Amino acid sequence: MAADPARVWNEEQLKTEEVPKKELIKFIQDNAAHSFLAEHKLLGNIKNVAKTAKKEQLIEAYNQLFESKRFKGTEVELVTEEVQAVKIHDTPKESKTEAVDEGPPKFTKSILKKGDKTNFPRKGDTVSCWYSGTLEDGTVFDTNIPASAKKKKQSKPLSFKVGLGRVIRGWDEGLLTMSKGETARLEIESDWAYGRKGLPDSKIPPNAKLIFEVELVSID
Amino acid sequence: MALEQLSDVVQRCQAIKDESFSPEDYDLFLAAGRTCIEQGDSAQVLSILVDEKNKNIVRCMGWNLLGPLVQMLLKKEDKNLPHCHAILSHLLEVCSPKELLVGLLEQVEEADSASIAETVTLLLKPLQTVLLRLGVKKASSVGMALSTLLSQVARLPVPVTKEQEEDDVFGLCRCCTALLKFVKPFVEEIKEVVKDNNRMSRDNELRVELLKFCMKSLSEPLLEVQLKDPDTLQKSPLRDFATEILIILSNIGESLPDLLSRNVLKRREVPGFLEEEVRYPKESLACMCHLLFVDHIAVDIFPAVLSPIFVLQCNMEYIELLLSRTEVSRLQKGLELYEKSLVRVEDNSLPVDLLELKTFFSVPQNLVKVMTLCPDQTLRSKGLKVFQLSIDKFTTEAKYKFFRGMLNTSHHAGVEGYIIKNIKNQIDFSLKPCNGNDWFLGKHLLPLLRLVLCLPHGPETDLLQNLDRIMESLNLLRYMLIRDKEWENETGIWTELYKIEDNYLKPLRTGLNMSKAHYEAELKSMKEKKISSKDSKASVCTVTVDNEKLPNMTPEMQIQVLQSALFTFDLIESVLARIEEIIEAKERHLS
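Thresholds applied
- Residues numbered from 1 in each chain as written.
- Chains lettered and ligands numbered in written order.
- Predicted model: local features only at pLDDT ≥ 70, side-chain atom pairs only at ≥ 80, totals over all residues.
- Heavy atoms only, no water.
- Contact = heavy atoms within 4.5 Å.
- Buried area = accessible area lost by both parts, 1.4 Å probe.
- Salt bridge = Lys/Arg side-chain N within 4 Å of Asp/Glu carboxyl O.
- Polar contact = N/O pair within 3.5 Å; in protein donor to acceptor, adjacent residues only side chain to side chain.
- Helix = DSSP H or I, 4+ residues; strand = E, 2+ residues; numbered from the N terminus.
- Nonpolar A, V, L, I, M, F, W, Y, C, P; charged D, E, K, R; others polar.
- 1 Å grid on protein atoms, 1.4 Å probe; cavity = no way out; pocket = protein on both sides within 12 Å on 5 of 7 lines; lining within 4 Å.
- Points joined across faces, edges and corners; volume = space filled by probe spheres on them.
- Disulfide = S-S within 2.5 Å.
- Buried < 20%, exposed > 50% of the residue type's maximum accessible area, 1.4 Å probe, protein only.
- Pairing = 2+ DSSP bridges.

Enquirer: What is the right way to read the interface of chain B and chain A from this model?
Expert: How big an interface is tends to be expressed through the accessible area that disappears when the partners come together. In this assembly, 30 residues from chain B lie in contact with 26 residues from chain A. Taking both sides of the interface into account, the surface hidden between chain B and chain A amounts to around 2500 Å²; carbon and sulfur atoms contribute 53%. Sorting the residues of chain B by area buried against chain A places Ala304, Val305 and Glu346 of chain B first, and these three jointly supply 25% of that buried surface. Between Glu346 of chain B and Arg196 of chain A there is a salt bridge, and its shortest N-O distance comes to 3.1 Å. Linking chain B with chain A are eight residue pairs in polar contact (both at pLDDT 80 or more), by the criterion used here. Elements with a contribution of two residues or more to the side of chain B that touches chain A: helix H11 (172-193) and helix H18 (308-323) of chain B. The element best represented in the side of chain B that touches chain A is H18 of chain B, accounting for four residues. Residues belonging to the side of chain B that touches chain A are distributed by class as follows: 17 nonpolar, five polar and eight charged.

Structure representation (structure tokens):
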């Protein structure tokens, strides 16, 4: 086990402007056990903590930390709900709610053509792909691949930021498993596609399983 | 006479070198030429104009004849038409394109409302010919032409019924169809350019002009038009126009999904950012979304893989815009777009953090205005229907937050009553086995109930004005006391009851008694006054609306109003009494 963290500042230094609140908070957050932080109300975004905690309280906490030696790794951490819930905060204009539910993936992938196996998209990357989508009975309900090769030169593949909930879940999850240049067949169950509603305007009936052939052209 | 004058001036000008014609020459040519054409001597004018010797003269002065020529063509007198058309064709070939453009556009601009359609359909082909002659420098001229043309076409009345669209009396359909043919060569040219998707091709002047044209068309006339579906009207020029506009957008390199999400995904500041804003007017994009998602226009060039929640989020920006207007057509489209976007989303799926987005707050506010203030009854009803639909789509936590927000901000008893009814339904749902949640049971319910079970102004609250709210909240309370057994107390209502009695039931009882007493006294004195005084026309107050005095209420009417108020108080009282009964019964039971 690593040695206990050392006291970086003495009493005098703590009281002065030399040690700003945010730095003090950061130190305590970095070194104290989770339960200690919770008790002293020092969990969360440093800016917010700085707003609610007075300097005196922080100095008090700092001293207590060294007295009680309740450093990280010294206690069985109780993983609370806050730590477990995956909440991604981004620019306020974008709503990204990640479903916390785990469960088996509701799609299957078979590789039709291998990609470079090195470049995989990460959440937030912009991917471009050619695709065609069919229902189980073979009806093509959507494609962006034009009929002739000449027209394909004039069209552009579909571009979007992957993993952010802008497309159906089967796509978000499926594309993250593909590498650049790969062409794959994705069979997506209705839960991760259009569910009970379907998309009548686009010929997708309720509870429809969708089959896509997707070619991942580029990742940015 | 005029013909001789024309021959004379032309002959004289043949001798002038270097085309240094004087202003008098121009005037004479124009005056004589105009008269000849108007008199019907177009054949002779034609032969003068096509004469090789007069080539330079025609090139410099010919375009001035456009005005009278076009007027003649519009008259459609058979004997003159072929010659006039021939003159026009010749001029289009020979004169300077820039000058021809000015002349033609002037004719379009000056067309009076009765002849807009005729003028536009007549001049579109000539304009196209002239613009194509401009070669690579045509972009700004194309833009000018499109802008002028659209401004005139936008003045044409929009057909409302399918018969009107079929008859096309004012020519809007004809003009739209002709406009599509007009822009075709320019779109083809741009298709080549945008193959390389770079900044230069995006800023290509001609592309930008075509983009402006599409955006302007979406705003006028398309936003005003109510498209008929293929079952109602199989062949619809307006539907074709709308479809083609979206296809053109796609062909000039505008991705429809990107246009959809423009206002939601704020881009980083790029050079010319402000210009980008101007290029994509929100109203035009709102129309585009309505076309895509309500009228299903061009749906086969729009990808089917977008997540319904994301599409809703994008559309909220446009719904907000449409619902903030007062014209029936805008409100109708806003409600339709909202409804269609909501229907695609599963019930209980919209998460609470969506409520942090500005539009998810402002749209319901706009919707409340429609439901309460719009003079059109169909829109009010539809507004309410969509309002309930939107509530159904929220998760339980989001519903809670939404109800709390609405109770705090709507300031309208009817809306509050409606929300309270929804709260009751949610509590009912939560009490069913396996539906328990923290929001409509447990610790969060009571703070919400405090917002419901209160009188805004204590015992002095105007009970009549707040009737809807009060009745719903009493119904809610009565329901909870019956449904939630006091020994189970799942909702916590029983422990909270003494507070509710003090803060709500007692002041309500007081207010009720006061109001009843007051109105009963009023009624009594009215009746006495009626019997005693012969002159029952005297009124206590007058009401003026819009500078017109409303007819005075007769005593009979006044009595009716007072009685109706008393009846309302009885209604409230009956529920209140029942609640007091239930409470008393439980207390007796416990003691």
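Enquirer: Before we go on, may I ask you to explain empty space enclosed by the protein in this structure?
Expert: Which parts of space are left empty comes out when a probe the size of a water molecule is rolled across the atoms. Summed over the entire model, instances satisfying the criterion amount to three cavities of 30 Å³ or more. Each pocket or cavity is described by its volume, and for the largest cavity that value is around 130 Å³. Residue lining of the largest cavity: 14 residues in total, with Ser202 of chain A together with Phe293, Phe302, Pro303 and Arg344 of chain B positioned closest to the centre. By residue class, the composition of the lining of the largest cavity is ten nonpolar, two polar and two charged.

Enquirer: Looking at this model, I keep getting lost on the state of the cysteines. Mind explaining?
Expert: In protein structure, a disulfide is the covalent linkage between the sulfur atoms of two cysteines. Residue and element names in this part refer to chain B. Under the counting rule described, the total for this entry stands at zero disulfides over all chains. As a non-bridged cysteine, Cys175 has Cys176 as the owner of its nearest cysteine sulfur, 7.0 Å distant. Given a relative accessible area of 0%, Cys175 falls into the buried group.

Enquirer: Please explain the pairing of strand E2 (residues 126-135) of chain A as it appears in this structure.
Expert: Residues in a regular strand project their side chains so that they alternate between the two faces of the sheet. Residue and element names in this part refer to chain A. Counted residue by residue, E2 has eight buried out of ten residues, so it is predominantly covered. As judged from the four bridges shared by E2 and strand E4 (residues 158-161), these two strands associate in the antiparallel manner. If you follow Val127 over to E4, its bridge partner there is Phe160. Note that E2 and strand E6 (residues 210-219) share nine bridges and pair antiparallel. In the sheet register, Trp130 faces E6, and the bridge partner there is Glu215. Pairing between E2 and strand E3 (residues 140-143): three bridges, direction antiparallel. Across the sheet, the residue bridging to Gly133 is Asp142, located in E3.

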